[in-house]
Amino acid sequence: MNENKNLKKGLGIHARRFIAYIVLILVTFACLFWFYVLFINATRSNGELQAGFTPLPSTHLLENWNNLVHGTLPVWQGMINSLIVSVLSAALCTYFSTMTAYAIHAYDFRLKKYIYTFILAVMMIPTQVTMIPLFVIMNNLGLINTYPSVILPSLFRAFAVFMLVQQMRGIPNDYTEAAELAGAGLFRIYRTVVLPLSGSAIATLTITTFMESWNDYLWPLLMLNDKNKMTLTLA
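Since we're looking at a predicted model, the values are computed, not measured.

Parameters at a glance
- Residues numbered from 1 in each chain as written.
- Predicted model: local features only at pLDDT ≥ 70, side-chain atom pairs only at ≥ 80, totals over all residues.
- Heavy atoms only, no water.
- Helix = DSSP H or I, 4+ residues; strand = E, 2+ residues; numbered from the N terminus.
- Rg over C-alpha atoms; globule rule 2.2 N^0.38 Å.
- Buried < 20%, exposed > 50% of the residue type's maximum accessible area, 1.4 Å probe, protein only.
- Contact = heavy atoms within 4.5 Å.
- Areas by Shrake-Rupley, 256 points an atom, 1.4 Å probe, with all protein chains shown as cover.
- Lys, Arg positive; Asp, Glu negative; His and termini not counted.
- Charge placed at Lys NZ, Arg CZ, Asp CG, Glu CD.
- Expected span 1.5 Å × (residues − 1).
- Arc of directions from axis to C-beta.
- Salt bridge = Lys/Arg side-chain N within 4 Å of Asp/Glu carboxyl O.
- Phe/Tyr/Trp six-rings, centres within 6.5 Å; stacked < 30°, edge-to-face > 60°.
- Core = buried A, V, L, I, M, F, W, Y, C linked by side-chain atoms within 4.5 Å.

So, the overall build of the protein
Right, on to step 1. Helix and strand content of the protein: twelve helices and zero strands.
Right, on to step 2. Listing each helix as α and each strand as β along the protein from the N terminus yields α-α-α-α-α-α-α-α-α-α-α-α.
Right, on to step 3. In terms of overall dimensions, the protein is more spread out than a globule: its C-alpha atoms have a radius of gyration of 25 Å, far above the 18 Å expected for 235 residues.
Right, on to step 4. Along the first, second and third principal axes, the C-alpha atoms of the protein reach 80 × 70 × 35 Å.
Right, on to step 5. Counting all 235 residues of the protein, 26% fall into the buried class.
Right, on to step 6. Intrachain contacts of the protein at a sequence separation of at least 6 include 66% that bridge at least 24 residues.
Right, on to step 7. In the structure as shown, the protein presents an accessible area of about 16,000 Å², 68% of it carried by carbon and sulfur atoms.
Right, on to step 8. Within the protein, the 10 negative side-chain charges are centred at a point lying 8 Å from the centre of the 15 positive side-chain charges.

A look at helix 10 (residues 186-197)
Right, on to step 1. Between its first and last C-alpha, helix 10 extends 15 Å over twelve residues, near the 16 Å set by a 1.5 Å rise per residue.
Right, on to step 2. Of the residues making up helix 10, those classed as buried are Ile 189, Tyr 190, Val 193 and Val 194. In an axial view of helix 10, the angular spread of the buried residues amounts to 125°, which keeps them on one side of the axis.

Examining the pattern of salt bridges
Right, on to step 1. One pass over the full model with this rule turns up two salt bridges.
Right, on to step 2. Taking the shortest distance from any N to any O, the salt bridge between Arg 157 and Glu 212 comes out at 2.7 Å. A residue pair is termed long-range when its members are at least 10 positions apart, and Arg 157 in the loop between helix 7 (147-151) and helix 8 (158-169) and Glu 212 in helix 11 (residues 199-215) qualify at 55 residues.
Right, on to step 3. Given a relative accessible area of 44%, Glu 212 falls into the partly exposed group.

Section: the packing of aromatic side chains
Right, on to step 1. Throughout the structure, instances matching the rule amount to eight aromatic pairs.
Right, on to step 2. When the ring of Trp 65 is compared with that of Trp 76, the centres are 6.1 Å apart and the planes differ by 75°; the resulting orientation is edge-to-face. On the criterion of sequence distance, the pair formed by Trp 65 in helix 3 (residues 61-70) and Trp 76 in helix 4 (residues 75-106) is long-range, its members being eleven residues apart.
Right, on to step 3. Judged by its relative accessible area of 48%, Trp 65 is partly exposed.
Right, on to step 4. Classification of Trp 76 by relative accessible area gives partly exposed; the value is 40%.
Right, on to step 5. Pairwise contacts between aromatic rings join Phe 29, Phe 33, Trp 34 and Phe 53 into one cluster.

So, the environment of Thr 117
Right, on to step 1. With respect to the helices and strands, the residue Thr 117 is situated in helix 5 (residues 115-123).
Right, on to step 2. A relative accessible area of 51% means that Thr 117 is categorised as exposed.
Right, on to step 3. Sequence spacing of Thr 117 and Ile 19 is 98 residues, and the spatial spacing of their C-alpha atoms is 42 Å.

Some thoughts on the nonpolar core
Right, on to step 1. Ile 104 and Ile 189 are the most contacted members of the largest nonpolar core, which totals 24 residues.
Right, on to step 2. The set of elements that each furnish at least two residues to this core consists of helix 4, helix 5, helix 8, helix 10 and helix 11.
Right, on to step 3. Judged by nonpolar contacts, the second largest core, of nine residues, contains Met 131, Met 138, Val 150 and Leu 224.

What follows is the structure, encoded as structure tokens:
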């Protein structure tokens, strides 16, 4: 009787594992298929692209590459500009967001219990609503058509602070208390204890901020008018 139950249980496990593998294969195919489409389209001419999709590659890959490298579009300069803006935005946003989240988590101050309500309220404000005030501020500071005008608005992200605070709440107090007993100050605890234990949230924040800055179109369009400073989405 027990053997039959164990056999049925084992078959159930194998069946679930098989279904999981099938689902993972389908999801992997769905993700990688678009890279294949990208490669196929890179081998086709404009006329072939207008004719519709075909799963077979064409013979215009070298020609398209030559047009990309020696063409009139500043693709390489746009990639360099996007890389500068995205790396600095991700690094500065992560740095200041972690410090803000640690201050909210570690310090006891007046109205602290309302800080999460304020952060959630800020998260509900659409980005488009703040563009005109930000444009006026950047214009008054004389930062129009400069990299700082594109980077500075990304220094504070309400969602980043909210996510990091939730991550730091999960850190056991034993670690920070042991560091305090060892004579470490708040900044050293932040640097040597809190940051390493928040690595997963920091990595997620860095990647998402980098991708948002790389794909951003509207804000760089408002700030930059020099072709040599335009990001890839504008170039």
